[in-house]
Amino acid sequence: MKKKDILISVVLINFNNKLGLEKTLGSIKNQVASCFEIIYVDGGSTDGSLDVANSYTNFFSVSLIGKDTGIYNAMNLGVKNSNGKYVVFLNSGDCLLGPDVLEIVSSKIVSVSNETLFFGYAEIISDYSKWLWPSPRKTENPSSLKSWLTHHEPNHQSMFFPKKYCLRNPFDEQLVIIADKKFKRRALEHLDYSFIPLPLVKFSLGGVSSHINDLNQLKTFLRDYQIYYISEKMTFSNLLSLIKADLKVTIKYMLQKALDKDFWKLLGVFKSKNFI
């Protein structure tokens, strides 16, 4: 395939998640679209992931092993080595929902002439339930979706970003946990967007951004939020946003510690019923 024919670059990030990698690669291999490529970025796995990756070598346009300094650096490297017009980021364990996902998105890409952000639903999976994000209740019409996007972001794996935008606005590698939040928020503020009312990806809870396991991780969240809201521009609005974010993540940490597994059961119930 010629570089000019590649519409979507799938940047696949992995580190020591062999089983998740197998699932993700399987969902990509089954795609009926032909105008995409896979950029594989591995932090130097030692759990057998590289054996899995080697069996898919023919499907990779680029394979970067042990070249990155962390997940957001890995994503930036993936973008720099990609050839597509658009980029989607998948971590090992994330799966495209159906063999026609990339075909559907490709048809949307060729229909626009300007830089447009495309996104759809993500099916969020927990140990106890599953739900769509955003909630269909929030996407009933353009007005309700616009209102929801004022304070929320779509699931990262369900978003397709123009590559040129990604090059101009790389992930902020100062941020350890929430660089993807900053990346998504900026894209929503600076790009036109188009919502695809279909589940595009399956995402399992369990990453560092959903679980706050100890005080050190909580401190990292608080540090990230300080950088995110304060370092660029000190305003009263940003200060209020910082306080709200700090309170939210601290309360979440306290609830997770107090309720343990019941926290995730309750969250699954509320999310699946569209209460929150």
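Before any of the text, the structure's been laid out above.
How each quantity is defined
- Counting from 1, residues in each chain are numbered in the order their sequence is written.
- In view of the model being predicted, local features appear only for residues whose pLDDT reaches at least 70, and side-chain atom pairs are presented and counted only at 80 or more, with totals across whole chains, interfaces and linings using the full set of residues.
- Side-chain metrics rest on all non-hydrogen atoms present in the structure, leaving aside hydrogens and water.
- Cavities and pockets were defined on a 1 Å grid built from protein atoms only: a cavity is a group of points that admits a 1.4 Å probe but offers it no way out, a pocket is an open group of points flanked by protein on both sides within 12 Å along at least five of seven lines, and a lining residue is one with an atom within 4 Å of any such point.
- Grid points are joined across faces, edges and corners, and a volume is the space filled by probe spheres set on the points.
- In this count, Pro and Cys sit with the nonpolar residues alongside Ala, Val, Leu, Ile, Met, Phe, Trp and Tyr, while Asp, Glu, Lys and Arg are called charged and the others, Gly among them, polar.
- Between rings of Phe, Tyr and Trp, where Trp is taken as its six-membered ring, a pair exists when centres lie within 6.5 Å; planes separated by under 30 degrees are stacked, by over 60 edge-to-face, and by other angles tilted.
- Accessibility here uses a 1.4 Å probe with only protein chains present; expressed as a share of the type maximum, an area under 20% marks a residue as buried, one over 50% as exposed, and anything in between as partly exposed.
- Secondary structure follows DSSP: runs of H or I at least 4 residues long count as helices, runs of E at least 2 residues long count as strands, and numbering of each begins at the N terminus.
- Two strands pair under a simple rule: DSSP has to find at least two bridges between them.
- The term disulfide is used for any two cysteine sulfur atoms that are within 2.5 Å.
- Expected span, for any helix, means 1.5 Å times one less than how many residues it has.
- Here a residue-residue contact requires only that any non-hydrogen atoms of the pair lie within 4.5 Å.
- The working definition used for a salt bridge is a side-chain nitrogen of Lys or Arg within 4 Å of a carboxyl oxygen of Asp or Glu.

Peer 1: Now, about empty space enclosed by the protein: what can you tell me, with residues and values included?
Peer 2: For the structure shown, the criterion picks out one cavity of 30 Å³ or more. Taken as a whole, the largest cavity spans an internal volume of roughly 40 Å³. Classifying every residue of the lining of the largest cavity gives three nonpolar, one polar and three charged.

Peer 1: How would you sum up the packing of aromatic side chains? Please name residues and give values.
Peer 2: Inspection of every chain in the model, using the stated rule, returns 17 aromatic pairs. Here the aromatic residues Y72, F89, F161, Y165, F171 and F183 are joined through ring pairs into a cluster of three or more.

Peer 1: Quick rundown of the pairing of strand β4 (residues 86–91)? Include the residues and the values.
Peer 2: A large share of β4 lies buried, amounting to five of its six residues. As paired strands, strand β1 (residues 8–14) and β4 are joined by six bridges and run parallel to one another. Of the residues in β4, the one forming a bridge with S9 is V87. Two elements, β4 and strand β8 (residues 159–162), share two bridges in a ladder whose sense is antiparallel. When the bridges of β8 are listed, Y86 appears paired with P162.

Peer 1: Give me the lowdown on the state of the cysteines, citing residues and values where you can.
Peer 2: Per the stated rule, a full pass over the model turns up zero disulfides. The cysteine C166 is free of any disulfide, with C35 supplying the nearest cysteine sulfur at 17 Å. Taking the relative accessible area as the measure of exposure, C166 reaches 4% and is therefore buried.

Peer 1: Describe the environment of C35, naming the residues involved and giving the relevant values.
Peer 2: Inspection of the secondary structure puts C35 in the loop between α1 (18–29) and β2 (36–42). With a relative accessible area of 17%, C35 lands in the buried category. Taking the C-alpha atoms as reference, C35 lies 27 Å from R186; in sequence the two are 151 residues apart.

Peer 1: Describe unusual backbone geometry, with residues and values.
Peer 2: Residue P134 is bonded to the preceding W133 through a cis peptide linkage, with omega at 0 degrees. Within the secondary structure layout, P134 lies in the loop between β7 (130–133) and α5 (142–151).

Peer 1: Account for helix α7 (residues 179–190), with residues named and values stated.
Peer 2: Across its twelve residues, α7 extends 17 Å between first and last C-alpha, which sits within 8% of the 16 Å expected from 1.5 Å per residue. Of all the twelve residues making up α7, nine are buried; the element is thus mostly covered by neighbouring parts of the structure. When we look at burial in α7, the residues that qualify are A179, D180, K181, K182, F183, K184, R185, A187 and L188.

Peer 1: Tell me what's going on with the environment of A122, and back it up with residues and numbers.
Peer 2: One can find A122 in strand β6 (residues 116–125). Measuring from C-alpha to C-alpha, the distance between A122 and W133 comes to 5.2 Å, with eleven residues separating the pair along the chain. Setting aside residues up to four positions removed in sequence, A122 forms contacts with W131, L132, W133, N155, S158 and V201.

Peer 1: Account for the pattern of salt bridges, naming residues and giving values.
Peer 2: Oppositely charged side chains can pair when the atoms bearing their charge come close. Tallying each qualifying case throughout the model produces five salt bridges. Between E115 and R168 there is a salt bridge, with its nearest N and O atoms 2.8 Å apart. Placement of the pair is E115 in the loop between α4 (101–109) and β6 and R168 in helix α6 (residues 163–168), with a sequence separation of 53 residues. The class for E115 is partly exposed, based on a relative accessible area of 27%.

Just geometry here; none of it tells us what the structure is for.
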